[in-house]
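Listed here are the chains, written in short residue letters.
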Amino acid sequence: MKLTKYVFRKVTADDRDLLASWQSMPHVQEWWGSDEPHGDNTLDDPRVARWIVSQNDQPFAFMQDYTVHGWDNHHFAQLPKGARGIDQYIGDESKLGQGHGSAFIAARIQVLFDAGAPVIATDPHPDNARAIAVYRKLGFDVFGPPQETEWGLILPMQTKREALLAG
């Protein structure tokens, strides 16, 4: 099997149109909506690292990772210091169903573990079976019941370095 290299570059103001076009796609709107802000204040938020994911110089996905301790009463606040949360979507519909999601998520969480994150958490909607299956494949486990948050209904999931290495 040929390994695919993914490039992660920081989102800039120049990416707003690309992100807006991706967020207008039905497969993204189903779980993200089209109102995710990408203004200068948001892009400069030190709590969140936002990435455009590319393959062969072609951008196809958005990913973000964030400190789970950056907000008061965040639903992951009980996780250890240094824990990171992740969210992402594939914007380019032609890349769906080919294994890119699990591959680029694995690449990014490896970077986060290598940087010292003790735990990586994510919070898909409980009805998002595709995302939950990808996370399980990557060693994520559910660690609580579905809950309503300021970001919507979520299913809390987490993984540790050992789970990624075992996968």
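Residues numbered from 1 in each chain as written. Predicted model: local features only at pLDDT ≥ 70, side-chain atom pairs only at ≥ 80, totals over all residues. Heavy atoms only, no water.

J.: Help me understand the pairing of strand E4 (residues 84–90) in this model?
T.: Each regular strand carries side chains that alternate between the two faces of the sheet. Of all the seven residues making up E4, seven are buried; the element is thus mostly covered by neighbouring parts of the structure. The alternating pattern of E4 places Arg-84, Ile-86, Gln-88 and Ile-90 and Gly-85, Asp-87 and Tyr-89 on opposite faces, both of which are buried. Relative to E4, strand E3 (residues 58–67) is paired through seven bridges, and the arrangement is antiparallel. Pairing of Asp-65 across the sheet is with Ile-86, part of E4. Relative to strand E5 (residues 120–122), E4 runs parallel, the two being bridged by three bridges. (Buried < 20%, exposed > 50% of the residue type's maximum accessible area, 1.4 Å probe, protein only. Helix = DSSP H or I, 4+ residues; strand = E, 2+ residues; numbered from the N terminus. Pairing = 2+ DSSP bridges.)

J.: What exactly am I supposed to notice about the environment of Tyr-89 here?
T.: For Tyr-89, the location among the structural elements is in strand E4. A C-alpha to C-alpha distance of 9.2 Å links Tyr-89 and Gln-23, two positions 66 residues apart in sequence. Residues in contact with Tyr-89, not counting those within four places in the same chain, are Leu-19, Trp-22, Gln-23, Val-28, Trp-32, Ala-61, Phe-62 and Phe-104. (Contact = heavy atoms within 4.5 Å.)

J.: Just checking my understanding: could you explain the nonpolar core for this structure?
T.: General note: in soluble globular proteins, nonpolar side chains tend to be found buried as a group. Counting 21 residues, the largest nonpolar core has Ile-86, Phe-104, Ile-105, Ile-120 and Phe-140 as the members making the most contacts within it. Broken down by element, the residue count for this core peaks at five residues, all from helix H4 (residues 100–114). In contact with Phe-104, other than residues within four places in its own chain, are Tyr-6, Phe-8, Val-53, Phe-60, Ala-61, Met-63, Gln-88, Tyr-89 and Ile-90. Core analysis: the second largest hydrophobic core is formed by nine residues, Trp-32, Leu-43, Ile-52 and Phe-62 among them. (Core = buried A, V, L, I, M, F, W, Y, C linked by side-chain atoms within 4.5 Å.)

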